[in-house]
Amino acid sequence: MSSLSRELVFLILQFLDEEKFKETVHRLEQESGFFFNMRYFEEMVTNGDWDEVEKYLSGFTKVDDNRYSMKIFFEIRKQKYLEALDKKDRSKGVDILVKDLKVFSAFNEDLFKEITQLLTLDNFRDNEQLSKYGDTKSARGIMLGELKKLIEANPLFRDKLNFPSLKNSRLRTLINQSLNWQHQLCKNPKPNPDIKTLFVDHSCGQSQPNGARAPSPVTNPLMGSVPKPAGFPPLGAHGPFQPAPAPLPSSLAGWMANPSVPHPSVSTVPIGFTPPNNAALLKRPRTPPTNNPAVDYQTADSEHVLKRTRTFGISDEVNHMPVNMLPVAYMGQSHGQSSYSSDDLPKTVVMTLNQGSVVKSMDFHPVQQILLLVGTSNGDIILWEVGSREKLAHKNFKIWDISVLTMPLQASFTNDNTASINRVTWSPDGTLCGNIDDLLFFATMCTVASNTYYQFITLISNYYFFYTGVAFSKHIVHIYSYHGADDLRNHLEIEAHGGSVNDLAFSYPNKQLCIVTCGEDRLINVGVLPMFLLLLKNVWDAVTGAKQFKFDGHEAPVYSICPHFKETIQFIFSTATDGKIKAWLYDNVGSRVDYDAPGHSSTTMAYSADGTRLFSCGTNKDGDSYIVEWNESEGAVKRTFNGLGKRSAEVVQFDTTKDRFLAAGDEFMVKFWDMDNVNLLTTTDADGGLQASPCVRFNKEGILLAVSTNDNGIKILANQDGLRLLRTLESRPFDASRVASASIVKVIRFLEYACGIVIKGVRQTQGA
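Residues numbered from 1 in each chain as written. Predicted model: local features only at pLDDT ≥ 70, side-chain atom pairs only at ≥ 80, totals over all residues. Heavy atoms only, no water.

Let's talk about the sheet that holds strand 26 (residues 680-684)
If you trace the four strands from one edge of the open sheet to the other, you get 23-24-25-26, paired in antiparallel fashion. Of all strands in the sheet, those bounded by a partner on one side alone are strand 23 (654-657) and strand 26. Put simply, the sheet's adjacent strands are angled 25° from each other on average, direction ignored. Pairing analysis gives four bridges linking strand 23 to strand 24 (residues 661-666), with the strands arranged antiparallel. When the bridges of strand 24 are listed, Phe-654 appears paired with Ala-664. (Pairing = 2+ DSSP bridges. Helix = DSSP H or I, 4+ residues; strand = E, 2+ residues; numbered from the N terminus. Axes fitted to C-alpha atoms, helices over the stretch in contact; angles between N-to-C directions.)

Here it is as structure tokens:
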């Protein structure tokens, strides 16, 4: 929407308020998302109109937009839950727990567990951390103060908390000015014109009884196809009138905004001819501009808010969603904006893990951020628990069932049964494999008898897990299912490509978990990940036994892939060893864009954690390395970062963290950049001993960094938050169940309370 159209909305809001259309005012505030009425919000919270509170908030943010938003929704739903318990309405409390609070268990299982245990208390104030909870009115007041601070600090609400300074009745004034202008154009103006309608232009002629003439076809906005003469610009092209036909997209922005438009298999059109209004469709709704460091999602202020003093006995080190059981007023807290510094980066070496062979790829668990998956040059995968330095699982390379492979591949492995690993990665979310109704029935049949409860725990641990994917240098992909602790199970073996499988990723087209692979045979393959291992062995699609998508168009081996989505559009970037970059939709139509990586380099691409900024890093055959940020709407390099070496023998690897920093392994060190500054921020050699181009990988919170060494090891670097986390874990004896709980506790709690089962006592089994 243009800036003039936006201002028109504010004029309408002022008019509606002056005319006392109160409900309509707030509906327009919500639907437009231009102005957040804090006074109205305070009124709803004070009155406990929780459904209206969330409905109004939905016009400005969603639960998972960022941490501020998540905290806002959690505080509201927690208060609603506590009020239900205070009224002894346990059935309503269970309903709120399952429908409203369960979503947060994916981010903080421990806190969700403690919240659910409040159901077992006759009075939740018996809990020490809630002992000072007063009456409903005072609790709402305290929570409201906290919500206001979070809203003010939330980047999505910036420029939306203050109504523009307008003179009274500004819209009426503009209309009067327009009428005066029309009256001046009358051939025979009357001294006191009788104007009774705004639907048509005013005229003092006699053709109309009310001193008005029929609308001119030149200025009637409903006639969008009639060309208008030069003059004042229109209010915007996004009004409630007939839009002009959309042009055929010729760029990345165009095909993502209009995925149903047919395209040639290989686009040769330059990527830089996208109309400005199409470019806007690439961005998330209500997302601040990424080229302005003052409105970045992850700011120092956000970290400050998220590291407040916790209550309810849960340490920050093991809690990654900062919430409090009791809303308290944080006195003396500053909310001033400040930028990240190099001190926020993990640069302190805390340990070295000995692998035994060259490290090729690493990935931290998306939830249990002390778990590190490693792939090596001899085909081994190792799962480390960094907190205790324990090696939880170790899998050597071998073919699981050689009989199902093609004959040439069987012969190849008969002569040389070795392979190196090119990529290891975790699936982004846990997977529930099974019918939820069956699981609910089983849970309902459970009693508090320990042996039956053990069966319940075992059932869930078998049915809820994370996948790990491993791409090998010879044709093969292995998929494992991880059920917690040291339980890493063979799940699926795929003969994915002819030659090396260069990269692997998970994606969710059509809400189905899929594997995306690319390889030496110049292909990109996508297959639905089958859930039931017993039903199939070496297939891509669980139903048809065939690949779901096959993308063919590169003229050189495909080096890397980067699945992503914008709004509801799912797509894949792919890069080849000749430096070509292509983009694909899940439709087998062909590539939508085709352009060159800097230096025609072998390149990997990655988005920032909030999904709004695209980066790439690569090295060409001459050893020149490039790390850049892309302008998606134009398909052009937005900024090129300085500081990479010019004689790299291997492709430089990189990673992003905190929506703020980039890190790359180059010249026997780790180099860091601020995303908004092309100059090198800082470097570290991690006390020496790194590879020339070491592998680098942050954990999800960016408080730990894994870096490969030249003696077949991995150094773990930490910042202050990472050090506190590791000290907390080192002070406790290692318990394998603590790394199992994250995968299954949310399913267990959901099933328990959905069936009305409240299990008391200490759980000594996996996941409790």
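Further notes follow.
Focus on the pattern of salt bridges
Summed over all chains, the structure comprises 30 salt bridges. Note that Asp-594 and Lys-582 form a salt bridge whose closest N and O atoms lie 2.9 Å from each other. One end of the pair, Asp-594, is in strand 18 (residues 593-596); the other, Lys-582, is in strand 17 (residues 580-585), with 12 residues separating them in the sequence. The salt bridge involving Glu-629 is made with Arg-613; its shortest N-O contact spans 2.9 Å. Placement of Glu-629 in strand 21 (residues 625-631) and of Arg-613 in the loop between strand 19 (602-607) and strand 20 (614-619) is noted, with a sequence separation of 16 residues between them. The residues Glu-629 and Arg-613 share a single accessibility class, namely buried. In the salt-bridge network here, residues are joined through shared partners; they are Arg-613, Glu-629, Lys-638, Arg-639, Arg-660, Asp-674 and Asp-676. (Salt bridge = Lys/Arg side-chain N within 4 Å of Asp/Glu carboxyl O. Buried < 20%, exposed > 50% of the residue type's maximum accessible area, 1.4 Å probe, protein only.)

Looking at the sheet that holds strand 29 (residues 713-718)
Taken in spatial order, the four strands line up as 1-29-28-27 in an open sheet, and their pairing is antiparallel. With one partner strand each, in any of the chains shown, strand 1 (348-354) and strand 27 (696-698) form the two edges of the open sheet. This sheet shows a mean twist of 20° between the axes of neighbouring strands, independent of strand direction. The sheet contact formed by strand 27 and strand 28 (residues 704-708) spans three bridges and is antiparallel. Pairing of Val-696 across the sheet is with Val-707, part of strand 28. Lying on the sheet, helix 16 (residues 720-730) is in contact with strand 1, strand 28 and strand 29; it crosses strand 1 at an angle near 50°. (Contact = heavy atoms within 4.5 Å.)

Nothing here speaks to function; it is geometry throughout.
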